[in-house]
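Results of the structural survey
Read off the chains here:
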Amino acid sequence: MGICLISVTLCGCGQPTDPTQTPLSPVPAQATLDYTKATIELPLDQFGMTSREISIVMGARDIAFARCLAGGQQVSPQEIQNAAGMLQTDFGIDEPNWIGGWWNAAYIAQNGWYPRSKIGMELGTTMHASDDKMAACQDDPAVNTLTPLAVDLSMNGDTAAANAFRYRTDANDRVTNSPVYSTLSSQMELCLKNAGYVLDTNPREEYPGIKAKLDQTWPQEQILKAVLASATCNDQLGVTQQYANLQAGYEQALINQHQAELTALRAEASQRVAKAEVVLESVGLH
C-alpha cells in the first residue's frame, strides 16, 4: 500500500540550495510535551489530521476498499467489524518523539525507547481477491480520496503534505545549526560525562537530537541503561523542551510565510474527514 511514516527528526543534507541558507528568525513559541505518550505537539501539526481523524479516515478507507473488491455498495458484517476496529485504533504519529534526544526517563523505564508500533495501518479485509484486483482497489479513487493526511505521514504516494514536511525539516535543520543547539550539547556532554557516558557526535540519522553515544555491541540491558541516563540528563536540563521550543519557533515563522498554503492543506484534511464520516454513516458506524 505504500506507507511511509516520516520522522520529524530526519534532517536535510545542507546543500547550497537548501532553503535553510535563507535567513529566518524564529517566532517565540512553546512546544507542548506530553509525558504520558512521550510526544511533542508542534505548530505544523495543526494543519494535519488528529489521531482521532486519522482513525475515522482509516475506517472509511477500509469500507471503500471492501466495496471496490465486491464491486458494489453492500458490505459484509465482517468488513464493518474491521472498519469498527480502525475507529478504535490510536494512529498517533511519532510516538514517542525523540526529536531533541531521549527524554522522559519515566516513560522509557516503563515502555522502552523504541517507537511505538503503528498497528493497523494496512487495509484489512476478510475478502479474497487476486493480487491484481487488490492492487487496483488500493489505487481506486474512492479509496485514495480517503487517505490520512498528516505532516509526518505519507501513504500511497499522497503528496498533499509534502511541503509541510519540507517546512518541518527546514525548521529542524535550523535548530541543529543554531547556537542553542551547541549550548545544549555542551550541557549534555558534561552531564553525560558525570554519568559515565559520552555525547554522540556522529551524523544524526534514525534518532537525531542530543544524546549519549551507544555501542551496539552492548547487551540490551546496558543500552537501556545508557538511554535512561541520557534521558535523565535531558530531563534535568530541559533539553528537549528548549530544543522543541526553538523548533516550534522556526515552524511558526515558516507558517507565517506560507499561511494560505497551509490553511488549504487543513481544508483538504477536513474534506477527507467529512467524506469519511459519510461513508461510515452509510454502514451504521460513527
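Presented here is a report on the structure given in the accompanying data block. (Residues numbered from 1 in each chain as written. Predicted model: local features only at pLDDT ≥ 70, side-chain atom pairs only at ≥ 80, totals over all residues. Heavy atoms only, no water.)

**A short note on the nonpolar core**
If you look at the biggest cluster of nonpolar residues, it comprises 81 residues, and the most contacted ones within it are Ile-40, Trp-98, Trp-102, Ile-108, Trp-113, Ile-210 and Leu-262. Take this core: its biggest share by element is 10 residues, from helix α1 (residues 51–70). In this structure Ile-210 touches Gly-100, Gly-101, Tyr-181, Leu-184, Ser-185, Met-188, Leu-199, Ser-230, Asn-234, Val-239 and Tyr-243, once residues within four positions along its chain are discounted. (Core = buried A, V, L, I, M, F, W, Y, C linked by side-chain atoms within 4.5 Å. Buried < 20%, exposed > 50% of the residue type's maximum accessible area, 1.4 Å probe, protein only. Helix = DSSP H or I, 4+ residues; strand = E, 2+ residues; numbered from the N terminus. Contact = heavy atoms within 4.5 Å.)

**Focus on the layout of surface pockets**
A volume near 530 Å³ is recorded for the largest pocket. Ile-40, Asp-45, Met-49, Ser-51 and Ile-93 are the residues nearest the centre of the largest pocket, which is lined by 25 residues in total. Counting residues per element, the ones that place at least two in the lining of the largest pocket are β2 (32–34), β3 (39–41) and α1. Looking at which element gives the most residues to the lining of the largest pocket, the answer is β3, with 3 residues. Among the residues making up the lining of the largest pocket, the classes are represented as 8 nonpolar, 8 polar and 9 charged. (1 Å grid on protein atoms, 1.4 Å probe; cavity = no way out; pocket = protein on both sides within 12 Å on 5 of 7 lines; lining within 4 Å. Points joined across faces, edges and corners; volume = space filled by probe spheres on them. Nonpolar A, V, L, I, M, F, W, Y, C, P; charged D, E, K, R; others polar.)

**So, the state of the cysteines**
The final tally for this structure, using the stated rule, is 2 disulfides. What pairs with Cys-68 in a disulfide is Cys-137, and their sulfur atoms sit 2.2 Å apart. Given an S-S torsion of about -85°, the disulfide between Cys-68 and Cys-137 has left-handed geometry. Of the two residues, Cys-68 is situated in helix α1 and Cys-137 in helix α4 (residues 131–138); the sequence distance between them amounts to 69 residues. What makes Cys-137 buried here is its relative accessible area of 0%. A disulfide bridge connects Cys-191 with Cys-233, and the sulfur atoms are separated by 2.1 Å. Here the disulfide of Cys-191 and Cys-233 is left-handed, its torsion about the S-S bond being about -85°. Placement of the pair is Cys-191 in helix α7 (residues 179–194) and Cys-233 in helix α8 (residues 220–237), with a sequence separation of 42 residues. If you count the bonded cysteines of the protein from the N-terminus, they pair up as 1-2, 3-4. (Disulfide = S-S within 2.5 Å.)

**What to know about the packing of aromatic side chains**
For the structure on display, the rule yields 5 aromatic pairs. Taken together, a centroid distance of 5.5 Å and an interplanar angle of 75° make the contact between Trp-102 and Trp-113 edge-to-face. Of this pair, Trp-102 sits in the loop between α2 (77–87) and α3 (105–111) while Trp-113 sits in the loop between α3 and α4, and the two are 11 residues apart along the sequence. Assigned by exposure class, Trp-102 and Trp-113 land together as buried. Taken together, a centroid distance of 4.4 Å and an interplanar angle of 25° make the contact between Trp-113 and Tyr-114 stacked. (Phe/Tyr/Trp six-rings, centres within 6.5 Å; stacked < 30°, edge-to-face > 60°.)

Function cannot be read off these values alone, since they describe shape.
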